[in-house]
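# Summary of the model geometry
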There are 2 protein chains.
Amino acid sequence: MKLQAPSHEEHAMPVDLRMTPQRSVVHEVLRSSFDHPTATEVFLRSKDRMSTISLATVYNCLDALIEHGLIRQVNVDRDSSRFCANLNDHVHFHCEQCGVMMDADPIEKLDVTKFWKLPQGCQVTEPAIAIRGLCPTCVDKNQKVASR
Amino acid sequence: MKLQAPSHEEHAMPVDLRMTPQRSVVHEVLRSSFDHPTATEVFLRSKDRMSTISLATVYNCLDALIEHGLIRQVNVDRDSSRFCANLNDHVHFHCEQCGVMMDADPIEKLDVTKFWKLPQGCQVTEPAIAIRGLCPTCVDKNQKVASR
DNA sequence: GATGAGATCAAGAATCATTCTAATTCAAAA
DNA sequence: TTTTGAATTAGAATGATTCTTGATCTCATC
Ligand SMILES: [Mn+2]
Ligand SMILES: [Mn+2]
Ligand SMILES: [Zn+2]
Ligand SMILES: [Zn+2]
């Protein structure tokens, strides 16, 4: 993973990203995906639109799009990174059984210092929240199995 | 990552774990470490106490100890897993600059449904919270650099 | 329109944490 | 003591990601 301390003077919006055909395709794939695909999944979907695109290029495009704030990278544990074109503030619900990942919109801002005693002198950048559980499909599936 | 749906009938406490010399050493290393070492770091520290222990065994021991609830695995993004012998309910503060990881004890229980709109029908198992920021040491270091 | 500098793309190699395999050793039960 | 399954170990395999390197493209300038 690339640790990249956000500098305070950096702008929220991209300055200049040459929107090449490959980057367009990758961006478009993500904007029309709501399941948070992995790099390989993005690669497969991109090939439908541009059969010559390579996995290396998909990784390059994802990096470029992330750096310019057009998409977000989502990590849950050490699983493959997933990617998300929803730029609104949100966290992720992750199904422990099938792996599906869904957006969860914020209701109110969480002040971490209200909930946890941070070590003296720590400066909080951002809490990373991932909500684990069972998606509706898996809840149903389990109920059916249990009642047999 | 090992996806392992927690079954409802499983017991919270370990039933039987043969406490072999290697498992003892790994456990003892973790109980005397407060910096959340990686598997390789656990391996190096274990070698001080048992020079013949192998990395494969350390991985096996960590798995066994985790499965029996004697230690916890901590993941931040896709970095190497870290391990923690603090079994009290707590979350982790992770320094973005130096990578140090510290425990943060809960003040009050967080009800995720108060803060985020979960998709209809989702069953929450557990929220995974990691707090990112700068540790006191890095805050100081940066201040000194800035004032030069 | 031609040229050159720098960005982008792409194939394949390298990396590295982790898992797997298979052979050996160990330990508790019979 | 023999048996049998578990534990240990070295080393190979895996797989996501990053790196390297050469080809290709873009676009400003001539
Ligand atoms: Mn999302
Ligand atoms: Mn801890
Ligand atoms: Zn599911
Ligand atoms: Zn630090």
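Nothing here was measured: the structure is a model prediction, and the numbers come from that model.

As a further point, take the packing of aromatic side chains. Enumeration according to the criterion identifies three aromatic pairs over all chains in this entry. Seen in terms of ring centroids, Phe 115 of chain A and Trp 116 of chain A are 5.9 Å apart; in terms of plane orientation they differ by 45°. Their pairing is tilted. Among the residues examined, Phe 115 of chain A registers a relative accessible area of 10% and is labelled buried. By relative accessible area, Trp 116 of chain A is classed as buried at 6%. Among the aromatic residues, ring-to-ring pairing joins Phe 115 and Trp 116 of chain A together with Phe 115 and Trp 116 of chain B into one connected group.

Below, the discussion takes up the protein's contact with DNA strand C. Within the structure, DNA strand C sits among 16 residues, and Thr 20, Arg 23 and Thr 57 of chain A together with Tyr 59 and Ser 81 of chain B are positioned closest to it. Thr 20 of chain A places a polar side-chain atom, nitrogen or oxygen, 2.4 Å from a phosphate oxygen of DNA strand C. Contact distances for DNA strand C include 2.6 Å between a phosphate oxygen and a side-chain N or O atom of Thr 57 of chain A. At the level of elements, helix H1 (21-31) and helix H3 (55-67) of chain A are the ones that each hand at least two residues to the surface near DNA strand C. Sorting elements by how many residues they give to the surface near DNA strand C places H3 of chain A first, with three residues. Across the surface near DNA strand C, the residue classes break down as four nonpolar, eight polar and four charged.

This part takes up the coordination of the manganese ion (ligand 2). All names here are of chain B. Within the protein, the manganese ion (ligand 2) binds to His 36 (NE2), Cys 84 (SG), His 90 (NE2), His 92 (NE2) and Asp 103 (OD); these donor distances fall in the range 2.1 to 2.5 Å. All donor residues of the manganese ion (ligand 2) come from one chain, and their arrangement in sequence is H-x47-C-x5-H-x1-H-x10-D. The exposure classification of Cys 84 matches that of His 90, with both residues buried.

Among all positions in H1 of chain A, only Val 25, Val 26, His 27, Val 29 and Leu 30 of chain A are buried. Contact partners of the buried residues in H1 of chain A: helix H2 (39-49), H3 and strand S2 (82-84) of chain A.

Helix packing for two helices is described by the angle between their axes and how far apart those axes are. Residue and element names in this part refer to chain A. At a closest axis distance of 9 Å, the pairing of H1 and H3 adopts a crossing angle of 75°. Relative to H3, the element H1 lies roughly perpendicular. Where H1 abuts H3, its residues Gln 22, Arg 23, Val 26, His 27 and Leu 30 lie against Thr 57, Val 58, Cys 61, Leu 62, Ala 64 and Leu 65. Here the residues of the contact of H1 with H3 are counted per class, giving seven nonpolar, three polar and one charged.

Residues and elements named next belong to chain A. His 36 (NE2), Cys 84 (SG), His 90 (NE2), His 92 (NE2) and Asp 103 (OD) make up the full set of protein donors to the manganese ion (ligand 1), lying at 2.1 to 2.5 Å. Of note, the donors binding the manganese ion (ligand 1) are all from one chain and are spaced H-x47-C-x5-H-x1-H-x10-D. Residue Cys 84 is located in strand S2, and its partner Asp 103 is located in strand S4 (residues 101-106); the two are separated by 19 residues in the primary sequence. With relative accessibility at 3%, the residue Cys 84 sits in the buried group. Owing to a relative accessible area of 27%, Asp 103 belongs among the partly exposed residues under this scheme.

This next bit is on the pairing of strand S4 (residues 101-106) of chain B. Two strands pair when backbone bridges link them, and strand S5 (residues 116-117) of chain A and S4 of chain B are joined in this way by two bridges, in the antiparallel orientation. Within the sheet, the bridge partner assigned to Lys 117 of chain A lies in S4 of chain B and is Asp 105 of chain B. With four bridges joining them, strand S3 (residues 91-95) of chain B and S4 of chain B adopt antiparallel strand pairing. Bridge pairing in S4 of chain B links Phe 93 of chain B to Met 102 of chain B.

Quick notes on the rules
Residues numbered from 1 in each chain as written. Chains lettered and ligands numbered in written order. Predicted model: local features only at pLDDT ≥ 70, side-chain atom pairs only at ≥ 80, totals over all residues. Heavy atoms only, no water. Phe/Tyr/Trp six-rings, centres within 6.5 Å; stacked < 30°, edge-to-face > 60°. Buried < 20%, exposed > 50% of the residue type's maximum accessible area, 1.4 Å probe, protein only. Near = heavy atom within 4 Å. Polar contact = N/O pair within 3.5 Å; in protein donor to acceptor, adjacent residues only side chain to side chain. Helix = DSSP H or I, 4+ residues; strand = E, 2+ residues; numbered from the N terminus. Nonpolar A, V, L, I, M, F, W, Y, C, P; charged D, E, K, R; others polar. Donors = N, O, S within 2.8 Å, 3.2 Å for Na, K, Ca; no water. Contact = heavy atoms within 4.5 Å. Axes fitted to C-alpha atoms, helices over the stretch in contact; angles between N-to-C directions. Parallel < 35°, antiparallel > 145°, perpendicular 65-115°, else oblique. Pairing = 2+ DSSP bridges.

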